[in-house]
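Summary of the model geometry
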Amino acid sequence: MTRSSVARIFSSLRRGANWRSGARFPAIALFWIEDEACGGWRGFSTAGLARAKEEKEAWWKDTLDKVRNIGISAHIDSGKTTLTERILFYTGRIHEIHEVRGRDGVGAKMDSMDLEREKGITIQSAATYCTWKDYQVNIIDTPGHVDFTIEVERALRVLDGAILVLCSVGGVQSQSITVDRQMRRYEVPRVAFINKLDRMGADPWKVLSQARSKLRHHAAAVQVPIGLEEEFQGLVDLVEMKAYYFHGSNGEDIVASDVPSNLEALVFEKRRELIEVVSEVDDQLADSFLNDEPISSDDLKMAIRRATVSRKFVPVYMGSAFKNKGVQPLLDGVISFLPCPTEVENHALDQDQSEEKVLLSGSPAGPLVALAFKLEEGRFGQLTYLRIYEGIIRKGDFIININTGKKIKVPRLVRLHANEMEDIQEAHAGQIVAVFGIDCASGDTFTDGSVRYTMTSMNVPEPVMSLAVSPISKDSGAQFSKALNRFQKEDPTFRVGLDPESGQTIISGMGELHLDIYVERIRREYKVDAQTGKPRVNFRETITQRADFDYLHKKQTGGQGQYGRVCGYIEPLPSDATMKFEFENMIIGQAIPSNFIPAIEKGFKEACNSGSLIGHPIENIRIVLTDGASHAVDSSELAFKLASIYALRQCYAAAKPVILEPVMKVELKFPTEFQGTVTGDVNKRKGIIVGNDQEGDDTVIVAHVPLNNMFGYSTSLRSMTQGKGEFTMEYLEHSTVSQDVQTQLTNTYKASKGTTD
C-alpha cells in the first residue's frame, strides 16, 4: 500500500467518524499500516503522535525563547534613534552608520520620513528586526516629543520589554516620567540605559539616584564606567567582573580585560550594592546573600532576570551610542534580562462570555489572536501593523475582524525594516508583522474565527488644541479630504470636525508641533497648500450647582403637531467621576412613554455639544429626568428631543456655568543667569511654579500654565535666554478660568455671534 492510499484511509476514517479538524486521537487508539519492508502489517499507538506533538511544541518553544519584542523610549533628544542606528549596525542590518542630524544629508535609517530628517526628530514610530547571537529582536523606535505620545502608547501596548534611555547630563526629564508611566500602565519590564557619558557634565550616579527618587525605580547599575566625559574609555561589567573596551572605527571590536586597579574598590562596592538591591526582591538570591555564600555570575544573572521579568527591578546600563561604546553589552542585557513572548501574561476579552478575561498561551499552537496596533498609508494601500499573541497567520489565510465581523483574506504579509519590507509566507505568535490590503481601525482584533476574543484597547489622550484649516485652491478639495481622512485613521489623537458657525474644517491634536507637522504633510504628500487660522484652545464648559428644568415644547402647524414636556434637574458630577456626561431616568409610571426616553437622552447629549457661554462642549454634567407629559397624537421622538435641547438652554444659566481651560505642565531648562526674566514671564502668563531645581549651571523650573497663554512661547524663550533655553510641555488637566478671563471669552464669543447673526 502506498503512502497516498494510507492518507486516503485516514481521510475516510475521519469523515466516517465525523472528526473535527484538530481533534485529539483517543489515547488507546491503535492503527495498523502495511509495512512493505517487513512484508506484513505493523501496529503503532498514539504515543508516537504524542511524542511528535511534544517535539513540535519544543520547536516553537525554542523559537519563542529566542524572540525579544522591545521598544526604545525616552525624553526628546536623549539619543533613542542614534541608539537604534547603532543596534542595527552591530547586528548587521545596516552596513554604515548615519547620524540623525548628519552632515551627509542621509539621516538615520529609522527616520525614514523627509520631515524627520530635516527636523532631526522622530515623528512616527518605526519597526525593524535584527538578529543578535541567534536571537531575533523586534524593535520599535518611538518619538520622544510629547505631541506624538500616541506613538509611544501604541508601541508599548504590544511590546514585551523596553529600553528606557536617560541622558547622563539631563537626567530624568519630564518626558522620561511620562514614558515610564506608560510602561507601568502596560506592565512592561524594562532596562535603563544612561546615554551620552562622553558629554561634559555627565554623571550616571546622579541619574541613577533620580531614577530611584523621581521614577520610583527599584534600580541598580550593572556596569561601572571607565572614565567620564572626554576620558570615557569603556565599562566594567559588575555581573561578569570584566572590563570591556570598544576599539575599531565604529566600536565593533570589543576587548575584554581585568578590572582596572584604580576602580577595584568602586567596582566591589557597586557589585555589593547590586546584589543587595536584587536580594530585596528575589528570595533565592537573598538566601545566598544572608548566608554569606559566594554568589556566582550565573546566580546573579538568573536573579536579575527573574526580578526584571516580574517588574520588581530595573537593571541600569551605561554608554555613549554616539561614540559607539556600550551598545553591544546593552544588547546582551536585552537578551539576558528582558522576557520572551511566553514569559509575559497577555489577556483577551471573550466576547461570547460577557467579556470575561482569558489568559492567552502565547503559543503558535492556539487559535490565531492578533492586534492591529498601528495603521499607515503605504505605496500599495493601507499597511496594518499586527502583533500576533497566539496562533499562526499565513499569506492567503482568511481572518476575521472581531470588531466589525468582516472576513478578510491576507493578500500580503511582510516583515518591516523602517520603510523597507520583506515578504514572508507565515508568522507565528510573538512576532510583529504587517499586512497589506486590510481595511480596519487601530485597535481591532483579528482571529481565525474559532474564537471571538478582543484585546484591550490602548489609552488615547484627548486633543488639547484646534486649528481652522482649508485648501487655498478650490480644485484641491478632494485631495485635502483624502489627506485628512487618512491621517485621522492613522492617528487616534488627530481629530477632524466642522465649525458649526463658520463651516470651516477644524483639526485638533496634541499641540502646535503636532498640527504643524500634519499641515506640512498635507502639502508635501498630497501637494495641497493649506491655509490655517489662529490656533484655538479646546475650552470646555461645566456647571457648578444644581438647577431645575420644566420645559414644554408645543407646536401646532396644521396636521400633526409637536408636544413634549420634560421636568427634572441638572447637577455637576463629582470631580473624580470617570464619565463626563450622565443621564438618569427617574420617572415612576408612564408620564412619558419609555420609547421616547432615548430621544430625550439624545437631545440632552446634543445640547451638551455647545454651551451658551462660548459655544464649547459641556462636560461633568448629570441630567436627571423626574417627570414630564406626552400627547397621544402630537408626541414624537423629535418633539421630545427638541424639548430636551431647549430645557437645558433654559436652566443652564441658573446652574452657574464656568469655563474650563486646558492647563499644561511645562518644564523649562535654562542658564541660571536668566532666572529672573524667565520666572517673571511665567508669572505674566498666569503660570504657577510648582518646582525649582538646580542642575549645574542650569535652572529647571516646572510650572502649570494655561495653554491659551503658551502660543509662540518657543520664540519668546529663545529671545529671553539668548537661544540657550529649552522647554517641554504636556497636558495636565482642564481647570476653571478666572472670572475676568471668563468675562473676556464670553464677550468675544457674543461679539462674534453678533457679527455672524
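Numbering of residues starts from 1 in every chain and runs along the sequence as written. Only residues with pLDDT of at least 70 get local features here, since the model is predicted, and only at 80 or more are side-chain atom pairs given and counted; chain-wide, interface and lining totals rely on the full set of residues. The basis for the side-chain values is all heavy atoms of the structure; hydrogens and waters are excluded.

Taking an unreviewed UniProt entry as the reference, the protein is identified by name as Elongation factor G, mitochondrial belonging to Dendrobium thyrsiflorum. UniProt positions are given in the numbering used here, feature names are shortened, and annotations may be inferred rather than shown by experiment. Under the UniProt heading Pathway (unreviewed entry), the entry covering the protein gives this text: "Protein biosynthesis; polypeptide chain elongation." If you open the UniProt record of the protein and go to Subcellular location (unreviewed entry), you find "Mitochondrion".

Relative accessible area decides the class of each residue, using a 1.4 Å probe on protein chains only: under 20% of the type maximum gives buried, over 50% gives exposed, and in between gives partly exposed. In this text, helices come from DSSP runs of H or I with a minimum length of four residues, and strands from runs of E with a minimum of two, each type numbered from the N-terminal end. Along helix H16 (residues 675-684), the positions that sit buried rather than exposed are Val 678, Thr 679, Asp 681 and Val 682. One side of H16 carries all its buried residues, which in axial view fall inside an arc of 160°. Seen from the open side of H16, the exposed residues pointing more than 90 degrees away from its buried face are Gly 676 and Lys 684. Contact between two residues is taken to exist if any of their heavy atoms lie within 4.5 Å; hydrogens are not considered. Looking at the buried positions of H16, the neighbouring elements they touch are strand E37 (657-671), strand E38 (688-695), strand E39 (698-706) and helix H17 (713-720). Just beyond H16, the residue with positive phi is Lys 686, at close to 60°. This arc is built from the directions going out from the helix axis to the C-beta atoms.

What follows deals with the sheet that holds strand E15 (residues 356-360). With respect to topology, 3 strands assemble into an open sheet ordered E15-E14-E26, the strand pairing being antiparallel. At either margin of the open sheet sits one strand with a lone partner, and together these are E15 and strand E26 (453-455). Strand-to-strand, the axes of this sheet are offset by a mean angle of 45°, without reference to chain direction. Two strands are said to pair when DSSP picks up at least two bridges between them. Axis definition: a line fit to C-alpha positions, over the contact stretch in the case of helices; interaxial angles, taken between N-to-C directions, run 0 to 180 degrees.

This part is about the pattern of salt bridges. When a carboxyl oxygen of Asp or Glu lies within 4 Å of a side-chain nitrogen of Lys or Arg, that pair is called a salt bridge. Scanning the entire structure with this criterion turns up 29 salt bridges. A salt bridge links Glu 525 to Arg 486, with the shortest nitrogen-to-oxygen separation between them at 2.9 Å. Taken together, the positions of Glu 525 in helix H13 (residues 512-526) and Arg 486 in helix H12 (residues 477-490) put the pair 39 residues apart, joining distant regions of the chain. Residue Glu 525 is classed as partly exposed on the basis of its relative accessible area, which comes to 33%. Taking the shortest distance from any N to any O, the salt bridge between Asp 681 and Arg 685 comes out at 2.8 Å. Taken as a pair, Asp 681 and Arg 685 share a single burial class, namely buried. In this structure, a network of salt bridges that share partners links the residues Glu 571, Glu 582, Glu 584 and Arg 622.

Another aspect to go through is the environment of Asp 548. Topologically, Asp 548 is positioned in strand E33 (residues 547-555). Placed 21 residues apart in sequence, Asp 548 and Tyr 569 show a C-alpha to C-alpha distance of 4.0 Å. Dropping the residues within four chain positions of it, Asp 548 is found in contact with Gly 568, Tyr 569 and Cys 651.

The rule is short: rings of Phe, Tyr and Trp, with Trp giving its six-membered ring, pair when the centres are within 6.5 Å, and they are stacked under 30 degrees, edge-to-face over 60, tilted in between. Enumeration over the complete set of coordinates arrives at 11 aromatic pairs. Residues Tyr 551 and Tyr 646 carry aromatic rings whose centres are separated by 5.8 Å and whose planes lie at 45° to one another, so their mutual orientation is tilted. With Tyr 551 in strand E33 and Tyr 646 in helix H15 (residues 637-652), the pair connects residues that are 95 residues apart, well separated along the chain. Given a relative accessible area of 32%, Tyr 646 falls into the partly exposed group. Between the aromatic rings of Tyr 713 and Phe 727, the centroid separation amounts to 5.1 Å while the plane-to-plane angle is 85°, which identifies the pairing as edge-to-face. Within this pair, whereas Tyr 713 is found in helix H17, its partner Phe 727 is found in strand E40 (residues 726-736), the two being separated by 14 residues in sequence. What makes Tyr 713 buried here is its relative accessible area of 2%. Accessibility expressed as a relative area gives 27% for Phe 727, which makes it partly exposed. Chaining the aromatic ring pairs together yields one cluster made of Phe 487, Phe 494, Tyr 518 and Tyr 526.

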